[in-house]
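Spelled out from the first residue to the last, the chains are:
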Amino acid sequence: MTTYHDLTGFQRDLLEAIAAVDDDPYGLALKEYLDERYAEPINHSRLYQNLDQLVEQGLINRDELDARTNVYTLTDAGTQLLHRQAETLAGLCDLARPAADGGVQ
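Let me sum up the structure you'll find in this document. (Residues numbered from 1 in each chain as written. Predicted model: local features only at pLDDT ≥ 70, side-chain atom pairs only at ≥ 80, totals over all residues. Heavy atoms only, no water.)

**Notes on the pairing of strand β1 (residues 60–64)**
And step 1. Alignment of β1 against strand β2 (residues 70–74), held across 5 bridges, turns out to be antiparallel. In the sheet register, N61 faces β2, and the bridge partner there is T73.
And step 2. Count of turn residues in the β1/β2 antiparallel hairpin: 5 residues. (Pairing = 2+ DSSP bridges. Helix = DSSP H or I, 4+ residues; strand = E, 2+ residues; numbered from the N terminus.)

**Re the environment of R68**
And step 1. Its location among the elements puts R68 in the loop between β1 and β2.
And step 2. R68 sits 39 residues away from A29 along the chain, and the two C-alpha atoms are 14 Å apart.

**So, the side chain of Q11**
And step 1. Mapped onto the elements, Q11 comes out in helix α1 (residues 9–20).
And step 2. When its relative accessible area of 3% is taken as the criterion, Q11 is described as buried.
And step 3. Separated by 2.6 Å, the side chains of Q11 and Q53 make a polar contact.
And step 4. With sequence-adjacent residues up to four places away left out, Q11 is seen in contact with N50, Q53 and L54. (Buried < 20%, exposed > 50% of the residue type's maximum accessible area, 1.4 Å probe, protein only. Polar contact = N/O pair within 3.5 Å; in protein donor to acceptor, adjacent residues only side chain to side chain. Contact = heavy atoms within 4.5 Å.)

In structure tokens form, the structure reads like this:
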């Protein structure tokens, strides 16, 4: 099982980007999201190689949106990985933790 700390920082950022991008999180939308947060533009090769690795690790799904575009979504494992990290960070910061039903614990 892949843990949050097994991933590179960029792969962690990609998981967060997929969760954050509204509508269809396709490659260029993810690149735009990350370009706003990184000092240097994201190289296409770096982006797609890391997306491929996350697919292989079972953390994201890649589905065809059209003949030229793939859309990326979190798998249950990817979602759980982000939730565990969010709970860890919330605990470290003495913040209320999100409940599974959308409320706060």
